[in-house]
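As a plain string of letters, each chain reads:
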Amino acid sequence: MHIIVLNKMDLADRLQTQAPKILGKDTRGQELNEKASDSGIKAPKILSKDTRGRELNKKASDLGIKKWLEYFGEQNCICYGINSHNKDNIKVFLNFLQARVRELNKLGQPKHTITMMLVGIPNVGKSALANSLHQIGRISAAEKGRLKHAIVSPVAGETKDISSLKIASHPNIYVLDTPGVLPTEILDAEVGAKLALTGAIKDCLVEEQELARYFLAILNSSDAYKDWKNLPSEEVERSSEDHKAKLLGIHEADIRRRKQYPTDHTQDFVVRSVRRTLFETVSSFKENLENEEKMGKLIEAQFVALREVFHVPLGSDEDGIYKVAKKLLNLYRTGRLGHYTLDDILRNGH
């Protein structure tokens, strides 16, 4: 029995958005371009003429994840959407797995221990899913004993061994958490870029700056930034903080201010500032974003603006751009800058 699990549902958009093409100078550099050239594959560029055109206009009618679930259903595949951090979601999924096991028992399959294996590319949340199933399953079965934990990390390749975790009793069901798998070579630059953007490929193997530019091209070509239209301005936010300070008193207000670190990009007030900056830069840009040069111009302006927001000190341009890219990618991968689905539905083999 095979079950396709679409994990990290909390990071996917509800509407399907086509991802623009990756840079001609792709994320794996000259070596990948040479391999693609040798194979007769042309490395795609950062933008296609359809970036904001016909394909993107269809997104309102494409309910991203729902469409993917329907698509796999049409292929006679068992498919399930999961958010590993949602306990209720995990309970429902665990009940679903147990129901499938009971069906196997009715077909004459042995009723003793059942083992399931999680297989997938790196950094899709296999270990997080295994841990959640183990925790919820042991609690539901009222079993005593120490809980096991598979190593969870935002860095690809952290799981290096196969680990077994019990997720249900009567019958006993175990899940095997496994290391992520990828092809030995990825000759399609766009596929490689999408994998790298999601963190499936270690950042040390790619250029974070190019990945950040790729993400900004996706953001600028979508409507995601429009969700930040009603964010309060910095002046309004500062006035609100001053008002709270008066209500809290000088001592408590001072403590709260000390807990705010402008260089920590994960703090809410910094994230709001990043969103506000991205919205302002895109919405005020009046040139044609279907033009690759114009898009590149906007992206470079966004890097300059984000450098100030992230409080990256002035130094060498290359080092500053790298720091901005690193922080921007982290916010994207943790869902702080919106939810995105990078792949389109496959139809008729295309």
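Quick caveat: nothing in here was measured; it's all calculated off a predicted structure.

Time to look at the environment of isoleucine 90. Its location among the elements puts isoleucine 90 in helix α4 (residues 87–106). When its relative accessible area of 1% is taken as the criterion, isoleucine 90 is described as buried. In this structure the C-alpha to C-alpha distance between isoleucine 90 and glycine 137, which are 47 residues apart in sequence, comes to 9.1 Å.

In this model, the chain carries a mean pLDDT of 77, and residues with pLDDT of at least 70 account for 71%. Between residues 14–62, whose pLDDT stays under 50, and residues either more than four places distant or in other chains, the model counts 116 contacts.

Bringing a nonpolar patch on the surface into the picture now. Taken together, the side chains of Met117, Val119, Ile162 and Val181 make up a nonpolar region of the molecular surface, amounting to roughly 390 Å² of accessible area. Following the sequence through the fold, valine 119 ends up in the loop between β3 (114–118) and α5 (126–140).

This part is about helix α10 (residues 268–283). Between its terminal C-alpha atoms α10 stretches 22 Å, which fits the 22 Å expected from 16 residues at 1.5 Å a residue. Restricting attention to buried positions, one finds in α10 the residues Val270, Val271, Ser273, Val274, Arg276, Thr277, Leu278, Phe279, Thr281 and Val282.

Quick look at the packing of aromatic side chains now. For the coordinates displayed, the defined rule picks out ten aromatic pairs. Centroid distance tyrosine 80 to phenylalanine 93: 4.9 Å. Interplanar angle 45 degrees. Geometry classified as tilted. Pair noted here: tyrosine 80 is in strand β2 (residues 78–81) and phenylalanine 93 is in helix α4, with a separation of 13 residues, a long-range link. Arranged with centres 6.2 Å apart and planes meeting at 20 degrees, the rings of phenylalanine 93 and phenylalanine 96 form a pair that is stacked. Placement of both phenylalanine 93 and phenylalanine 96 in helix α4 is noted, with a separation of three residues, approximately one turn of the helix.

Per the stated rule, a full pass over the model turns up zero disulfides. Take cysteine 77: it sits in no disulfide, and the sulfur closest to it among the cysteines is that of cysteine 79, at 7.8 Å. Here cysteine 79 falls in the buried class, since its relative accessible area comes to 19%.

What the three strands build is an open sheet, ordered β3-β5-β4; its pairing is mixed. The strands lining the two open edges of the sheet, one partner per strand, are β3 and β4 (163–168). Taking each pair of neighbouring strands and ignoring which way they run, the sheet shows an average axis angle of 30 degrees. Taken strand by strand, α5 contacts β3, β4 and β5 (173–177), and its axis lies near 40 degrees from that of β4.

Analysis parameters
Residues numbered from 1 in each chain as written. Predicted model: local features only at pLDDT ≥ 70, side-chain atom pairs only at ≥ 80, totals over all residues. Heavy atoms only, no water. Helix = DSSP H or I, 4+ residues; strand = E, 2+ residues; numbered from the N terminus. Buried < 20%, exposed > 50% of the residue type's maximum accessible area, 1.4 Å probe, protein only. pLDDT = per-residue confidence, 0-100. Contact = heavy atoms within 4.5 Å. Patch = residues over 30% accessible without salt bridge, like charges linked within 9 Å, V, L, I, M, F, W, Y side chains within 5 Å. Areas by Shrake-Rupley, 256 points an atom, 1.4 Å probe, with all protein chains shown as cover. Salt bridge = Lys/Arg side-chain N within 4 Å of Asp/Glu carboxyl O. Expected span 1.5 Å × (residues − 1). Phe/Tyr/Trp six-rings, centres within 6.5 Å; stacked < 30°, edge-to-face > 60°. Disulfide = S-S within 2.5 Å. Pairing = 2+ DSSP bridges. Axes fitted to C-alpha atoms, helices over the stretch in contact; angles between N-to-C directions.

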